[in-house]
Amino acid sequence: MSVLLVLSGCSPVSVHRLSLLDAYRARTRSALETDQFSASTHTVLQRQNLLSVWKTQPEKALASLRMATQTGFYSEDVSTQMFALAELNYLLARRHHDPALFMMAALYAYAYLSPDAPEAERPSPYDEHFRQACDLYMLALTEALGSPARVGSQVWTLPVGRLELQANPDDLNWHGHTLTDFRPTARFAVNGLNNIYSEPGLGEPLAAIPQMNAGETHSFQISDKMRVPVSLFMEIDHSREQVLSDHMVGRVVLTASDNATERREDSHQVPLQYDPTTARAVSLSESVDWSAEYTGFLNGRYFDNHKRLQLAAIEPHKRGRMPVVLVYGTASSAGRWANMINDLLADPEIRKHFEFWVFSYGTGNPIPYSAVQLRESLQEAIHNLGGVQADPALGHITLIGHSQGGLLSKMLVINAENRLWNGLISVPLDQLNLTTRTRDLLREALFPSAMPEVKNVVFISTPQHGSYLATLSVSRFLGRMITFPFTVTHVLNQLVQADDALRLDMSPWRVASVYGMSPQSSFIQSLSAIEVSPDVEAHSIIPVTGNGPSPTATDGVVDYESAHVPYVNSELVVKHSEHSTQSNPVTIAEVRRILFQQILETSSDQPPSGDMAKKNIMRIGGEYVPTGRSWK
């Protein structure tokens with residue numbers, strides 16, 4: 001009797017308490033992150049009496065489970081069996097590093113999802129295995145297709161038969177460029193960008209390079225190192241029937257992210273997965289030489305004679321999209337705009353209405369010379385794209401300039417007449433003994449008029465009245481290290497020789513951009529007195545390291561009083577921010593607000609009204625200062 005009492009106390013079924021974290025881990029366990037399969041796969045193997053077989057002869061267990069699925073054993077649970085086959089093939093593929101087994105895992109995962117099946121036969125999106133199957137499909141394809149990914153037509157010999165995949169060569173065409181070198185973004189970890197954006201869906205996210213066409217290397221273009229976000233979608237018709245046969249036929253469909261809404265009609269309308277942030281990060285890591293920030297400052301010839309691209313686009317121009325041109329500051333580079341571009345392009349309204357161009361220049365060169373390069377680059381780009389007549393959106397350019405880049409931008413939105421020249425030189429230009437070429441360049445550089453295609457300008461951390469860091473001693477030290485372009489040197493020599501009575505001091509340190517930004521410089525004093533054209537909408541974004549604007553506020557490089565001008569439509573002070581504020585979320589939110597305002601003014605589209613409220617920008621750390629212009 002005592003023995004029976006002891007035995008009755010050993011219940012075969014028991015429960016114990018778990019923390020919610022441990023409970024979640026047990027519920028979501030899968031082959032995606034461990035060497036163990038999920039609870040549902042355990043159930044499938046247990047019911048088929050294959051648990052012990054899997055441990056000792058996994059290939060035999062897979063074959064038995066496949067046969068059971070083919071014959072309809074436990075047919076009411078075929079969806080779970082498909083997931084188990086995907087998960088087990090993925091586990092075995094990882095053990096043996098076998099591309100064929102990875103491909104089998106992708107096929108089974110696709111069959112589980114069955115995007116072409118009637119809705120009643122597809123798994124519930126509330127099932128945790130639904131997203132796991134999407135990831136199994138994506139990661140298995142990544143392993144199977146390699147890096148760079150094989151994206152053409154291909155034939156596979158699999159453990160269970162033959163797979164033929166057809167690819168359409170037209171999928172490689174991206175805005176007239178051939179896409180190459182498809183790198184799986186799943187293999188990259190991104191550092192240096194504040195936010196990571198991805199578009200959920202089905203497929204393998206890739207980053208491809210567009211080949212440059214003949215004649216593009218010396219004109220406005222996309223960068224030859226830019227990576228295009230692409231999704232690879234392996235599509236199998238009647239997938240559950242095919243995956244259980246010994247001869248499978250499917251398609252490899254490649255879709256660039258900006259063409260996602262234009263997918264072929266014969267493709268099932270499945271949301272595609274993209275990793276745009278990773279693609280942009282790979283582009284930056286491959287194309288930006290950060291040491292060139294200082295090389296471009298000291299070597300004024302760095303961009304001369306089309307050695308390097310000065311005006312680059314993030315993607316080819318699309319009719320109806322308004323250009324936003326980003327101009328960086330001293331000893332900087334295009335990479336400094338990465339966070340702002342990444343955040344803004346995550347907004348579908350921004351992507352629909354705008355495109356981003358980045359201007360690069362020798363930041364040690366005289367500011368008027370660099371402004372001429374900016375103007376000419378924009379004029380060339382507009383001409384190459386057919387002009388405003390071909391696309392009115394090209395007549396709605398927004399310039400966004402940081403620090404010195406703001407001064408370059410201002411040179412394109414003012415009607416200087418002779419005020420800049422008179423502030424620098426006492427003798428009229430026409431009275432100097434100069435060559436026609438030199439006279440024309442000086443007129444273009446120092447008598448600028450507002451460029452009619454530029455409708456908006458945004459100044460960020462701009463030393464409108466000069467920077468105290470550009471002092472006489474610093475200017476002299478840095479100016480002696482700068483090498484000017486031959487064109488600039490030739491003009492300086494002619495000015496020195498033009499009229500002895502001028503007694504001009506054309507020392508390089510006085511002509512270079514650093515002294516040009518000194519409060520003592522005649523150039524900055526003359527430029528600061530000229531207001532932006534009334535036809536241009538202007539905005540200021542001014543960071544300060546403290547808690548708001550004040551006579552003593554500064555961003556560490558530019559004083560608030562220097563950056564403040566009364567003739568802008570809005571002025572936002574970004575609190576607790578240093579000079580390089582381009583990545584600050586308040587700064588980015590303000591740029592987004594300004595662009596949304598342009599959408600309202602130029603189209604019938606209505607962005608979310610709440611985003612237009614200044615109170616939202618103030619809530620996250622901005623302070624608006626009244627200006628001399630009223631809102632349009």
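Please read these numbers as outputs of a predicted model, since none were measured by experiment.

Definitions and limits used
Residues numbered from 1 in each chain as written. Predicted model: local features only at pLDDT ≥ 70, side-chain atom pairs only at ≥ 80, totals over all residues. Heavy atoms only, no water. Helix = DSSP H or I, 4+ residues; strand = E, 2+ residues; numbered from the N terminus. Buried < 20%, exposed > 50% of the residue type's maximum accessible area, 1.4 Å probe, protein only. Contact = heavy atoms within 4.5 Å. Pairing = 2+ DSSP bridges. Axes fitted to C-alpha atoms, helices over the stretch in contact; angles between N-to-C directions. Parallel < 35°, antiparallel > 145°, perpendicular 65-115°, else oblique. Left-handed = near helix turned anticlockwise from the far one by under 90°. Nonpolar A, V, L, I, M, F, W, Y, C, P; charged D, E, K, R; others polar. Salt bridge = Lys/Arg side-chain N within 4 Å of Asp/Glu carboxyl O. Expected span 1.5 Å × (residues − 1). Core = buried A, V, L, I, M, F, W, Y, C linked by side-chain atoms within 4.5 Å. Phe/Tyr/Trp six-rings, centres within 6.5 Å; stacked < 30°, edge-to-face > 60°.

(A) Spatial organisation of the overall build of the protein. Within the protein, the secondary structure is distributed over 26 helices and 16 strands. Across the 632 residues that make up the protein, the buried fraction comes to 53%. Partitioning the intrachain contacts of the protein with sequence separation of at least 6 by distance along the chain shows that 77% fall at a separation of at least 24.

(B) Molecular detail of the sheet that holds strand S4 (residues 177–184). The strand order across the open sheet built from seven strands is S1-S2-S8-S7-S5-S4-S3, with neighbouring strands paired in mixed fashion. Edge strands, defined here as strands with exactly one partner in the open sheet, are strand S1 (154–158) and strand S3 (173–174). As paired strands, S3 and S4 are joined by two bridges and run antiparallel to one another. Note that in S4 the partner of Trp174 across the bridge is His177.

(C) The arrangement of the packing of helix H5 (residues 58–71) against helix H6 (residues 78–96) in detail. Running from N to C, H5 and H6 cross one another at 160°; their axes reach a closest spacing of 10 Å. Considering the angle they form, H5 stands roughly antiparallel to H6. Considering only the axes of H5 and H6, their crossing is left-handed. Residues Pro58, Glu59, Leu62, Leu65, Arg66, Ala68 and Thr69 of H5 pack against Val78, Gln81, Met82, Ala84, Leu85, Leu88, Asn89, Leu92, Arg95 and His96 of H6. Of the residues that constitute the contact of H5 with H6, the class distribution is 10 nonpolar, four polar and three charged.

(D) Main features of the pattern of salt bridges. Counted by the stated rule, this structure contains 19 salt bridges. One continuous salt-bridge network, built from bridges that share partners, spans Asp181, Arg183 and Arg227.

(E) Focus on H5. Over its 14 residues, H5 runs 20 Å from end to end, which matches the ideal 20 Å to within 8%, given 1.5 Å per residue. Tucked inside the fold, the buried residues of H5 contact helix H3 (39–47), helix H4 (51–56), H6, helix H7 (99–113) and helix H9 (239–243). Positive backbone phi, at 85°, marks Gly72, one or two positions downstream of H5.

(F) The arrangement of the pairing of strand S5 (residues 204–210) in detail. Along S5, seven of the seven residues are buried, which leaves the element largely enclosed by surrounding structure. Side chains Glu204, Leu206, Ala208 and Pro210 project from S5 onto one buried face, and the interleaved Pro205, Ala207 and Ile209 project onto a second face that is buried too. Alignment of S4 against S5, held across four bridges, turns out to be antiparallel. Pairing of Arg183 across the sheet is with Ala207, part of S5. In terms of strand pairing, S5 meets strand S7 (residues 228–235) through five bridges, oriented antiparallel. Counted as the bridge partner of Glu204 is Leu232 from S7.

(G) Geometry of the side chain of Thr185. Within the fold, Thr185 resides in the loop between S4 and S5. Take Thr185: its relative accessible area is 2%, and that puts it in the buried class. Not counting chain neighbours up to four residues away, the residues in contact with Thr185 comprise Pro205, Leu206, Ala207, Asp275 and Thr278.

(H) Representation of the environment of Gly628. Following the sequence through the fold, Gly628 ends up in the segment after strand S16 (622–625). The exposure class of Gly628 is exposed, given its relative accessible area of 63%. Gly628 sits 61 residues away from Tyr567 along the chain, and the two C-alpha atoms are 5.3 Å apart. Beyond its immediate sequence surroundings of up to four residues, Gly628 is in contact with Pro566 and Val568.

(I) The nonpolar core, seen in detail. Residues Met103, Leu107 and Val325 are the most contacted members of the largest nonpolar core, which totals 142 residues. Looking at which element gives the most residues to this core, the answer is H7, with 14 residues. Residues within four places of Leu107 in sequence aside, it is in contact with Leu158, Leu163, Met234, Ile236, Val243 and Met248. Core analysis: the next-biggest nonpolar cluster, separate from the first, contains 10 residues, Ile425, Val427, Leu442 and Leu446 among them.

(J) Looking closely at unusual backbone geometry. At the junction of Ser147 and Pro148, the peptide bond is cis and its omega measures out at 0° in the coordinates. One can find Pro148 in the loop between helix H8 (128–145) and S1. In this model, His238 sits at a positive phi of 45°, which is unusual for a non-glycine residue. Relative to the helices and strands, His238 is located in the loop between S7 and H9. The phi angle at Glu417 is positive, at roughly 55°, despite the residue not being glycine. Inspection of the secondary structure assignment puts Glu417 in the loop between helix H16 (404–410) and helix H17 (419–424). By relative accessible area, which is 56% here, Glu417 ends up exposed.

(K) Representation of the packing of aromatic side chains in the model. Under the criterion given, the structure shown has 10 aromatic pairs. Arranged with centres 5.5 Å apart and planes meeting at 65°, the rings of Phe83 and Tyr112 form a pair that is edge-to-face. Here Phe83 is found in helix H6, whereas its partner Tyr112 is found in helix H7, with 29 residues between them in sequence. An identical accessibility class is assigned to Phe83 and Tyr112; each is buried. Members of the aromatic cluster, connected to one another through ring pairs, are Tyr110, Tyr137 and Phe233.

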